[in-house]
Amino acid sequence: MSTTRMPALFLGHGSPMNVLEDNRYTQTWQQLGATLPRPRAILAVSAHWYTRGTAVTAMNNPRTIHDFGGFPQALFDVRYPAPGSPELAQQVIDLLAPVAVHADQEWGFDHGSWGVLAKMYPEADIPVVQLSIDATKPAEWHYALGQKLALLRDEGVMIVASGNVVHNLRMLRWQGAETAYPWADNFDQHVRENLDFQGEAADHPLVNFMQHPDAQLANPTPEHYLPLLYILGARAADEAISIPVEGMEMGAISMMSVQIG
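Residues numbered from 1 in each chain as written. Predicted model: local features only at pLDDT ≥ 70, side-chain atom pairs only at ≥ 80, totals over all residues. Heavy atoms only, no water.

J.: Any details on the overall build of the protein chain? Residues and values, ideally.
T.: A tally of regular secondary structure across the protein chain gives eight helices and 10 strands. By the compact-globule yardstick of 18 Å for 261 residues, the protein chain fits well, its C-alpha radius of gyration being 17 Å. In terms of overall dimensions, the protein chain has C-alpha extents of about 50 × 45 × 35 Å along its principal axes. Looking at the protein chain residue by residue over its 261 residues, the buried ones come to 57%. (Helix = DSSP H or I, 4+ residues; strand = E, 2+ residues; numbered from the N terminus. Rg over C-alpha atoms; globule rule 2.2 N^0.38 Å. Buried < 20%, exposed > 50% of the residue type's maximum accessible area, 1.4 Å probe, protein only.)

Structure, rendered in structure tokens:
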């Protein structure tokens, strides 16, 4: 029996308020959930689980984590009660060997994962496992993990990575928010132009993203960028790659989403 290879997605999640709002980004996430092949399970990679070492949620019923402050109570009231999958967690642990992956019983779904999945699959009826991002490892290492995880795509598992390719909260524009900083536009364009790179990871401009002159301003810390490397690593040679939606919010947050397959 042949299984459809699942797409892999990087979704620019932006503000947690997108959970409560109806805009072109959230409409795109809804459309992806409605039109893509339905996965049997989802592996989420979120910028907001940034750890020392690698972990994967391995519980049956992960909690909804409200890892933010200063937002309306309605946002804290949202729950995303998707089941976990200890079986998929174990499969991830096996696939990533010899990397040591901790079977986590504490974390759950942070807003980087449930914030987008609540729009894609509002019924919360697809099992979800979340993988942490090891803060101690270089970019090429994260890309290599994506390559190892690619096998899951042929087994009905959709990889949904979530972050922002430009993410500088200190430089947010509260006035004139519709105008992006030149450095933000430049780095965003660099990502767009190099998504389809075919070659070795060591030569990939998006793996070597810190070589770009605007990288430090675009990503003062790398955790929101690194999820992109997981889906680029999971891409097969010559596989279709597209941008379902893009835009720059408050001058310094890129909402670009990327679809593999």
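J.: Help me get a handle on helix α6 (residues 182-194), residues and values and all.
T.: Look at α6: 18 Å from first C-alpha to last across 13 residues, which is about the 18 Å you get at 1.5 Å a residue. Looking at α6, one finds that the buried residues are Trp183, Ala184, Phe187, Asp188, His190, Val191 and Asn194. Down the axis of α6, the sector holding all buried residues measures 155°, keeping them to one side. Across from the buried face of α6, at angles greater than 90 degrees, the exposed residues are Pro182 and Glu193. (Expected span 1.5 Å × (residues − 1). Arc of directions from axis to C-beta.)

J.: Account for the environment of Ser254, naming residues and giving values.
T.: For Ser254, the location among the structural elements is in strand β9 (residues 253-254). Sequence-wise, Ser254 and Ala180 are 74 residues apart; in three dimensions their C-alpha atoms are separated by 9.3 Å. Beyond its immediate sequence surroundings of up to four residues, Ser254 is in contact with Asn164, Val165, Val166, Asp188, Gly247 and Met248. Within polar-contact distance, the side chain of Ser254 engages the side chain of Asp188 at 2.6 Å. (Contact = heavy atoms within 4.5 Å. Polar contact = N/O pair within 3.5 Å; in protein donor to acceptor, adjacent residues only side chain to side chain.)

J.: Residues and numbers for the side chain of His204, please.
T.: Mapped onto the elements, His204 comes out in the loop between α6 and α7 (215-218). With residues up to four places along the chain from it excluded, the contact list for His204 reads Tyr143, Asn194, Phe197 and Leu232.

J.: Give a description of the pairing of strand β3 (residues 54-57) that names residues and reports values.
T.: Side chains Thr54 and Val56 of β3 all project onto a buried face; the interleaved residues Ala55 and Thr57 project onto the opposite face, where all are buried too. Of the strand pairs in this sheet, β3 and strand β4 (residues 101-104) are connected by four bridges, and their pairing is parallel. Among the inter-strand pairings, Thr54 is bridged to a residue of β4, identified as Val101. (Pairing = 2+ DSSP bridges.)

J.: Explain the packing of aromatic side chains to me, using residue names and the numbers behind them.
T.: Any aromatic ring pair is given by two values, namely how distant the centres are and how the planes are angled relative to each other. Here the structure, examined in full by the defined rule, presents eight aromatic pairs. Aromatic ring contacts, followed pair by pair, group Phe68, Phe71, Phe76 and Trp114 into a single cluster. (Phe/Tyr/Trp six-rings, centres within 6.5 Å; stacked < 30°, edge-to-face > 60°.)

J.: With reference to specific residues and values, describe helix α3 (residues 86-96).
T.: Leu88, Ala89, Val92, Ile93, Leu95 and Leu96 are the residues of α3 that are buried. Looking down the long axis of α3, one finds its buried residues gathered within 165° of arc, a one-sided arrangement. Exposed side of α3, more than 90 degrees from the buried face: Glu87 and Asp94 are the residues found there. Buried positions along α3 lie against β2 (41-51), β3, β4, β5 (128-134), α5 (139-149) and β6 (157-163).

J.: Lay out the pairing of β5 with the relevant residues and their values.
T.: Of all seven residues in β5, seven are buried; the element is thus mostly enclosed. Residues Val128, Gln130, Ser132 and Asp134 line one face of β5 and the alternating positions Val129, Leu131 and Ile133 line the opposite face, and both faces are buried. Note: β2 against β5, six bridges, orientation parallel. Pairing of Tyr50 across the sheet is with Ile133, part of β5.

Take it as geometry only, folks, not as evidence of what the structure does.
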